[in-house]
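Letter by letter, the chains look like this.
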Amino acid sequence: MAAKLVSSWYKEVECLPESYILPPEERPGDRPVPVSNQIPVVDLEAPDSAQLIVDACQEFGFFQVTNHGVGEELMEDGMKVFEEFFGMSKEEEGVVCNLYSDTPTTEPCVVSTSSGNNVKSEKVHFWRDVLRHSCHPLHQYLPFWPHKPHRYREVVGECSVEVRKLGFRILEKISQGLGLSSGYLEEFSKFMYLQVNHYPPCPDPTLSLGVYKHVDPTILTILRQDSYGLQVFKDAHWIGVQPIPNAFVVNVGHQLQIISNGKLKSAEHRAVTNSVKARTSGAFFLHPDVDTIIEPAKALVDAANPALYRSFPSYEFVKRYSANRGDVEETIKAFQL
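Residues numbered from 1 in each chain as written. Predicted model: local features only at pLDDT ≥ 70, side-chain atom pairs only at ≥ 80, totals over all residues. Heavy atoms only, no water.

## Digging into the UniProt feature "domain: Fe2OG dioxygenase" (unreviewed entry) in the protein chain
The UniProt record annotates "domain: Fe2OG dioxygenase" (unreviewed entry) at residues 190–288. Summarising residues 190–288: 6% helix, 46% strand, and an end-to-end C-alpha distance of 6 Å. (UniProt positions renumbered as here; feature names shortened; annotations may be inferred. Helix = DSSP H or I, 4+ residues; strand = E, 2+ residues; numbered from the N terminus.)

## Section: the sheet that holds strand β9 (residues 230–234)
Strands sit in the order β1-β10-β9-β12-β7 across an open sheet of five strands; the sheet is mixed. Every other strand in the sheet has two partners, leaving β1 (35–36) and β7 (211–214) as the edge strands with one partner each. (Pairing = 2+ DSSP bridges.)

## With respect to the nonpolar core
Counting residues in hydrophobic clusters, the biggest one holds 64 residues, and the most contacted among them are Phe63, Tyr152, Ile170, Leu171, Ile174, Leu220 and Leu256. Counting residues per element, this core draws most heavily on helix α5 (residues 152–178), at eleven residues. Leave out the neighbours within four places in its chain, and Ile174 touches Ile53, Val54, Cys57, Leu185, Leu220, Leu256 and Leu264. Among the nonpolar cores identified, the runner-up in size contains twelve residues, and Phe62, Val232, Val241 and Val249 belong to it. (Core = buried A, V, L, I, M, F, W, Y, C linked by side-chain atoms within 4.5 Å. Buried < 20%, exposed > 50% of the residue type's maximum accessible area, 1.4 Å probe, protein only. Contact = heavy atoms within 4.5 Å.)

## Considerations on the packing of helix α2 (residues 72–87) against α5
To characterise two packed helices, one gives the angle between the axes of the helices and the distance between these axes. Between α2 and α5, the shortest axis-to-axis distance is 9 Å and the interhelical angle comes to 130°. In terms of orientation, α2 lies oblique with respect to α5. Where α2 crosses over α5, the two elements pack in a sense that is left-handed. Mapping the contact onto sequence places Leu74, Met75, Asp77, Gly78, Val81 and Phe82 in α2 and Tyr152, Val155, Val156, Glu158, Cys159, Glu162 and Val163 in α5. Across the contact of α2 with α5, the residue classes break down as nine nonpolar, one polar and three charged. (Axes fitted to C-alpha atoms, helices over the stretch in contact; angles between N-to-C directions. Parallel < 35°, antiparallel > 145°, perpendicular 65-115°, else oblique. Left-handed = near helix turned anticlockwise from the far one by under 90°. Nonpolar A, V, L, I, M, F, W, Y, C, P; charged D, E, K, R; others polar.)

## Things to note about α2
The end-to-end C-alpha separation of α2 is 22 Å, in line with the 22 Å expected for 16 residues at 1.5 Å each. Residues of α2 that are buried include every one of Leu74, Met75, Gly78, Met79, Val81, Phe82, Phe85 and Phe86, and no others. Each buried residue of α2 lies within a common arc of 155° when the element is viewed along its axis, so the set occupies one face. Turned more than 90 degrees from where α2 packs its buried face, Glu73 and Gly87 sit exposed. (Expected span 1.5 Å × (residues − 1). Arc of directions from axis to C-beta.)

## Some details on the pattern of salt bridges
A pair can form between side chains of opposite charge whenever their charged atoms are brought close. With the rule as written, the count across this model stands at eleven salt bridges. The partner of Arg310 in a salt bridge is Glu316, with the nearest N and O atoms 2.6 Å apart. Salt bridges sharing common partners tie together Glu59, Lys234 and Asp235. (Salt bridge = Lys/Arg side-chain N within 4 Å of Asp/Glu carboxyl O.)

## Things to note about the side chain of Arg279
Relative to the helices and strands, Arg279 is located in strand β13 (residues 279–287). No salt bridge is formed by the buried Arg279; its nearest oppositely charged neighbour, Asp226, is found at 8.9 Å. In terms of polar contacts, Arg279 uses its side chain to reach the backbone carbonyl oxygen of Tyr228, at 3.4 Å. Apart from residues lying up to four places away in sequence, Arg279 is in contact with Asn197, His198, Tyr199, Gln225, Ser227, Tyr228, Gly229, Leu230 and Ala271. (Lys, Arg positive; Asp, Glu negative; His and termini not counted. Polar contact = N/O pair within 3.5 Å; in protein donor to acceptor, adjacent residues only side chain to side chain.)

This is the structure:
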């Protein structure tokens with residue numbers, strides 16, 4: 001079953017298949033995780049927004065943004081198109097993308113399931129289907145995108161442009177809050193890809209996860225979630241992230257943690273499922289070119305604050321992260337000084 005999209009067969013089963021049942025110590029269990037308002041909410045138009053963002057990145061690694069300039073109607077259209085895509089027949093999905101993958105790939109558009117990589121060799125699978133494609137440069141990748149639903153390319157293309165502008169706006173505020181030169185972080189965020197996550201209703205959410213705990217290996221993640229499912233790990237506890245209408249959830253990628261010389265935090269997070277209704281989210285990832293050199297910003301390094309990490313090309317980090325199956329603690333050992 002794991003080689004097929006979960007959404008193509010989940011209605012045929014009454015019990016959770018054994019291949020989706022996590023080991024006891026990794027299961028979310030039935031203990032309730034509080035949906036919390038602890039995650040900071042930042043008004044991007046506020047005069048102190050740069051400092052508020054940096055404070056949130058230092059304490060949580062996550063924050064939500066409002067008054068961000070991306071049109072509410074546009075983002076609602078984007079979410080509707082994402083849902084329409086996963087509402088199509090599986091035969092249509094395969095045709096419109098021309099590619100289904102359960103092995104690692106660099107193709108510009110992929111439909112996959114579970115972790116999206118090495119599905120066949122996974123010990124346990126995750127209750128999720130994924131549509132993933134590159135977004136920038138838009139003219140280069142648009143021809144590879146799904147051509148159904150018929151509005152997909154138009155709506156998601158416009159969303160991508162606006163979210164990228166938002167990403168640069170946030171990175172500029174982070175630069176300002178850290179005392180870096182204007183535009184410094186843009187140089188590490190020239191590319192962007194989109195990952196649409198679809199979580200069908202799960203027969204037993206206490207035994208499985210939509211996404212296992214991980215940190216993002218990129219620079220910045222901008223997520224649109226319209227219903228609850230995202231949890232952040234802080235102080236040895238899971239915190240549920242409350243969805244806020246017309247807000248984006250933003251989190252620090254681990255390469256940005258390295259550039260900040262550890263001043264910013266890349267936090268572990270996961271996605272839980274529910275047994276009642278499907279959930280869909282759209283995550284935009286800003287990332288550098290593969291050959292971009294990642295290292296602590298020189299403005300943040302001095303005798304009192306020595307560099308915590310060595311210099312390396314971005315692809316080396318991503319390659320190790322993938323080889324370690326998202327285990328950032330094991331990955332980061334190779335880059336620490």
